[in-house]
Amino acid sequence: MRSASTEHPSSERPQRPDAPSGLARKTPLTALDRVPWGDIQDSTGSAAAIPVLLSGIACGDADTARSALDDLRKRICQFGFVVEQATAATVPFLWELAKQPQVTVRAQIIQLLKSIADARQWESTAAVYPKLLNHRENPVAWERAARQAVRARSGELRRLMADEDTEIARATTELARSLGAA
């Protein structure tokens, strides 16, 4: 007959080891909970799934990260040129992920940032149909905010253009040209 372990009495919980301090500090998604994702919209409705997708990009294997990025792209920059309300809130996290060497889809993230920076769908539509600007939900403002969010972190470009991975360097150079920073 076995006796119960006395290492951790039943009234005490064993302490779980903390995440390595370097990992905790380098995690780019620590501010995800500061964004009211459930209160803003992506192309599917509520943007509540965006944190899960960003986590999949950050921590997933190559297939998981690629799938999560594809889903995220459809939600925040549909068709490669239609941004949503949640796009601007997502951009800072994309920049952080693009800088993390363990992220397997960095070049694709930078390409997504370029698509967001180039987005002019709503502005073009509003030029022909100005009543669009009178809607309660103003997609032109979303588009401008998303482009501004990409530009706000353009200081990251130089470091990424110098990356050893030529695909990342090339994608960053294209983004820099798009922003007028090359």
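By convention here, each chain's residues receive numbers from 1 onward along its written sequence. Residues qualify for local features only when their pLDDT is at least 70, as the model is predicted, and side-chain atom pairs are given and counted only at 80 or more; totals for whole chains, interfaces and linings, by contrast, use all residues. Working from all heavy atoms in the structure, the side-chain values ignore hydrogens and water.

The helix and strand labels rest on DSSP assignments: H or I over at least four residues marks a helix, E over at least two residues marks a strand, and numbering proceeds from the N terminus. Within the chain, the secondary structure is distributed over nine helices and four strands. Element order for the chain, N to C, with α for helix and β for strand: α-β-β-α-α-β-β-α-α-α-α-α-α. For every accessible area listed, the method is Shrake-Rupley and the probe measures 1.4 Å; residues are considered covered only by the protein chains on display. Surface exposure of the chain reaches about 11,000 Å², of which carbon and sulfur atoms provide 50%.

Time to look at the nonpolar core. In globular proteins that are soluble, nonpolar side chains generally tend to be buried together. In this structure, L54, I57, I109 and I116 are the most contacted members of the largest nonpolar core, which totals 46 residues. Sort the elements by how many residues they give to this core and helix α5 (residues 106-118) lands first, with seven residues. If sequence neighbours within four positions are ignored, I116 has contacts with I76, C77, V83, T87, V91, L94, A146, R147 and V150. Here, the term nonpolar core denotes a set of buried Ala, Val, Leu, Ile, Met, Phe, Trp, Tyr and Cys residues that are joined through side-chain atoms within 4.5 Å. The rule is simple: take the accessible area with a 1.4 Å probe, protein chains only, and divide by the maximum for that residue type; under 20% is buried, over 50% is exposed, in between is partly exposed. Whether two residues are in contact is decided by their heavy atoms, any of which lying within 4.5 Å being enough.

Among the secondary structure elements, A98 is positioned in helix α4 (residues 87-99). A98 sits in the buried class, given a relative accessible area of 0%. Through-space distance from the C-alpha of A98 to that of I109 is 6.1 Å; in sequence the pair is eleven residues apart. Those residues within four positions of A98 in sequence are excluded, and the remaining contacts are R106, I109, I110 and L160.

What follows is about the packing of aromatic side chains. The geometry of an aromatic ring pair comes down to the distance between the two centres and the angle between the two planes. Aromatic contacts are taken between Phe, Tyr and Trp rings whose centres are within 6.5 Å, Trp giving its six-membered ring; a plane angle under 30 degrees counts as stacked, one over 60 as edge-to-face, and the others as tilted. Tallying each qualifying case throughout the model produces two aromatic pairs. A centroid spacing of 6.2 Å and a plane angle of 35° characterise the contact between F79 and F81, whose relative ring orientation is tilted. For F79, a relative accessible area of 64% translates into the label exposed.

Peptide bonds are mostly trans, and most non-glycine residues show a negative phi. Phi is positive for F79, close to 65°, though the residue is something other than glycine. Assignment of secondary structure puts F79 in the loop between β3 (77-78) and β4 (82-83).

Moving on to the confidence of the model for the chain. On a scale of 0 to 100, pLDDT captures the predictor's confidence in every residue. Averaged over all residues, the pLDDT of the chain equals 84, while 81% of them reach at least 70. In the model, residues 1-26 has pLDDT below 50 throughout and makes three contacts with residues more than four positions away in sequence or in other chains.

All right, on to the packing of helix α2 (residues 50-59) against α4 then. Think of two packed helices as two axes; the pair is described by the angle between the axes and how far apart they sit. Two numbers describe how α2 lies on α4: the axes approach to 11 Å, and their chain directions differ by 10°. Classified by the interaxial angle, the pair formed by α2 and α4 is roughly parallel. Residues I50, L54, I57 and A58 of α2 lie in contact with α4, whose contacting residues are T90, F93, L94 and L97. For this classification, the nonpolar set comprises Ala, Val, Leu, Ile, Met, Phe, Trp, Tyr, Cys and Pro, the charged set comprises Asp, Glu, Lys and Arg, and every other residue, Gly included, is treated as polar. Broken down by class, the residue content of the contact of α2 with α4 amounts to seven nonpolar, one polar and no charged. Fitted lines through C-alpha atoms serve as axes, helices being fitted only where they are in contact, and the angles separating the N-to-C directions of these axes extend from 0 to 180 degrees. Convention used here: angles under 35 degrees read as roughly parallel, angles over 145 as roughly antiparallel, angles from 65 to 115 as roughly perpendicular, and any remaining angle as oblique.

When a carboxyl oxygen of Asp or Glu lies within 4 Å of a side-chain nitrogen of Lys or Arg, that pair is called a salt bridge. According to the stated counting rule, one finds eleven salt bridges in the structure shown. Of the charged contacts, one joins E156 and K99 as a salt bridge, the two residues approaching to 3.6 Å between their closest N and O atoms. Here K99 lies in helix α4 and E156 lies in the loop between α7 (139-152) and α8 (157-161), a separation of 57 residues in the sequence. Among the ionic pairs, R147 bridges to E143, the shortest N-O distance being 3.6 Å. Here R147 pairs with E143, and both are found in helix α7, just four residues apart, close to one helical turn. Each member of the pair R147 and E143 is classed as buried. Connected via shared salt-bridge partners are E96, K99, R153 and E156.

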